[in-house]
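So you can see what is in the structure, the chains are spelled out below.
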Amino acid sequence: MMKERPIAMFDSGLGGLTVVRALQEFLPNEDIIYFGDTARVPYGIKSSRTVLKFAEQDCDFLLRFKPKMVIVACNTASALALDELDSKCPVPILGVVKPGAAEAVKQADGGGVAVLATEATVASEAYTKAIQALSPYLPVIQQRCPSLVSLIEEGRSGNDPILRALLKEYLEHVQQLRPAVVLLGCTHYPLVADAIIELMPGSKVVDSARATA
Ligand code: DGL
């Protein structure tokens, strides 16, 4: 592919910058146009109809820049809207769910996978389906982390006591199941990966951002 045209990427907020960071690491010569819909974040608590509408608007906006491809960095939009977007988008479009699921299956090596994601992503079961399409008998559990995105958008890090207390609560059940892999199925979670790694010492922490890049 020629470099002259940029790669366009959107997320519901700043979390997608974790995908930009990973992409810059792997493809340092590419131009990236990033749109973060910070005015309407979070997407993860909205209906699938609203997420689809927002994702279509985000995509249309980015197409003005004549990108050579669009990356849907938002897990929620990838889970709920990718097929629809793909049917209308004039350039190749890539979501984060399939690459993240593939990496989780690879790293799990037959062990279980725990997917941490927003409420909408969990409800869609997109990760479970993508993982089990690759490995039908692999045990998959999903854990919603509803308030994590707001705390991260507020600028709280993995050291923040409120964020840590909340994370501890979300991971309590997951810890007992001892999954081989914890998959960060939300753009924002890599920003607090240090705290997640600490709370899940026996699991490999895989993030969809790097897998997509
Ligand atoms: N970008 C969303 C995701 O990856 C997280 C933030 C939100 O809820 O909008 O699922």
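Shown above is the structure to which this text applies.
These lines cover the structure that appears in this document, whether it is placed above or below. (Residues numbered from 1 in each chain as written. Predicted model: local features only at pLDDT ≥ 70, side-chain atom pairs only at ≥ 80, totals over all residues. Heavy atoms only, no water.)

## Section: the site of the ligand
Moving on, step 1. Not every one of the 14 residues close to the ligand is listed here, only the nearest: D11, S12, Y43, G44 and T76.
Moving on, step 2. A distance of 2.6 Å separates an oxygen atom of the ligand from a polar side-chain atom of S12.
Moving on, step 3. Out of a free accessible area of 290 Å², the ligand has 99% covered by protein chains.
Moving on, step 4. The site holding the ligand turns out to be the largest cavity.
Moving on, step 5. The class makeup of the residues in the shell around the ligand is six nonpolar, seven polar and one charged. (Near = heavy atom within 4 Å. Polar contact = N/O pair within 3.5 Å; in protein donor to acceptor, adjacent residues only side chain to side chain. Areas by Shrake-Rupley, 256 points an atom, 1.4 Å probe, with all protein chains shown as cover. 1 Å grid on protein atoms, 1.4 Å probe; cavity = no way out; pocket = protein on both sides within 12 Å on 5 of 7 lines; lining within 4 Å. Sits in = over half its atoms within 2 Å of the grid points. Nonpolar A, V, L, I, M, F, W, Y, C, P; charged D, E, K, R; others polar.)

## What about the sheet that holds strand β5 (residues 113-117)?
Moving on, step 1. Taken in spatial order, the four strands line up as β6-β5-β7-β8 in an open sheet, and their pairing is parallel. Strand pairing shows two members of the sheet lacking a second neighbour, β6 (140-144) and β8 (204-207), which therefore form its edges. Neighbouring strand axes in the sheet, compared pairwise and without regard to direction, differ in orientation by 25° on average.
Moving on, step 2. In this structure, β5 lies alongside β6, joined through five bridges in parallel fashion. Across the sheet, V115 pairs through a bridge with Q142, a residue of β6.
Moving on, step 3. Along the sheet, helix α6 (residues 126-134) contacts β5, β6 and β7 (181-184); its crossing angle with β6, the most-contacted strand, is approximately 160°. (Pairing = 2+ DSSP bridges. Helix = DSSP H or I, 4+ residues; strand = E, 2+ residues; numbered from the N terminus. Axes fitted to C-alpha atoms, helices over the stretch in contact; angles between N-to-C directions. Contact = heavy atoms within 4.5 Å.)

## Notes on the packing of helix α2 (residues 48-63) against helix α3 (residues 75-88)
Moving on, step 1. Interaxial distance between α2 and α3 falls to 9 Å at its minimum, and their mutual angle equals 55°. With respect to α3, the element α2 is oriented oblique. Pair α2 / α3 crosses with right-handed handedness. Each of S48, V51, L52, A55, E56 and C59 in α2 lies in contact with α3, whose residues at this interface are T76, A77, L80, A81, E84, L85 and K88.
Moving on, step 2. Here the contact of α2 with α3 is composed, by residue class, of eight nonpolar, two polar and three charged. (Parallel < 35°, antiparallel > 145°, perpendicular 65-115°, else oblique. Left-handed = near helix turned anticlockwise from the far one by under 90°.)

## Looking at the pattern of salt bridges
Moving on, step 1. Enumeration over the complete set of coordinates arrives at 11 salt bridges.
Moving on, step 2. Note that K68 is salt-bridged to E30, the shortest N-O span being 2.8 Å. Of the two residues, K68 is situated in the loop between α2 and β3 (69-72) and E30 in the loop between α1 (17-26) and β2 (32-36); the sequence distance between them amounts to 38 residues. Comparing K68 with E30, the two get one shared label, buried.
Moving on, step 3. The residue K88 makes a salt bridge to E56 at a minimum N-O spacing of 2.6 Å. Placement of K88 in helix α3 and of E56 in helix α2 is noted, with a sequence separation of 32 residues between them.
Moving on, step 4. For K88, a relative accessible area of 53% gives the class exposed.
Moving on, step 5. Assessed through its relative accessible area of 22%, E56 is described here as partly exposed.
Moving on, step 6. Each of D37, R40 and D58 takes part in salt bridges that share partners, so that together they form one network. (Salt bridge = Lys/Arg side-chain N within 4 Å of Asp/Glu carboxyl O. Buried < 20%, exposed > 50% of the residue type's maximum accessible area, 1.4 Å probe, protein only.)

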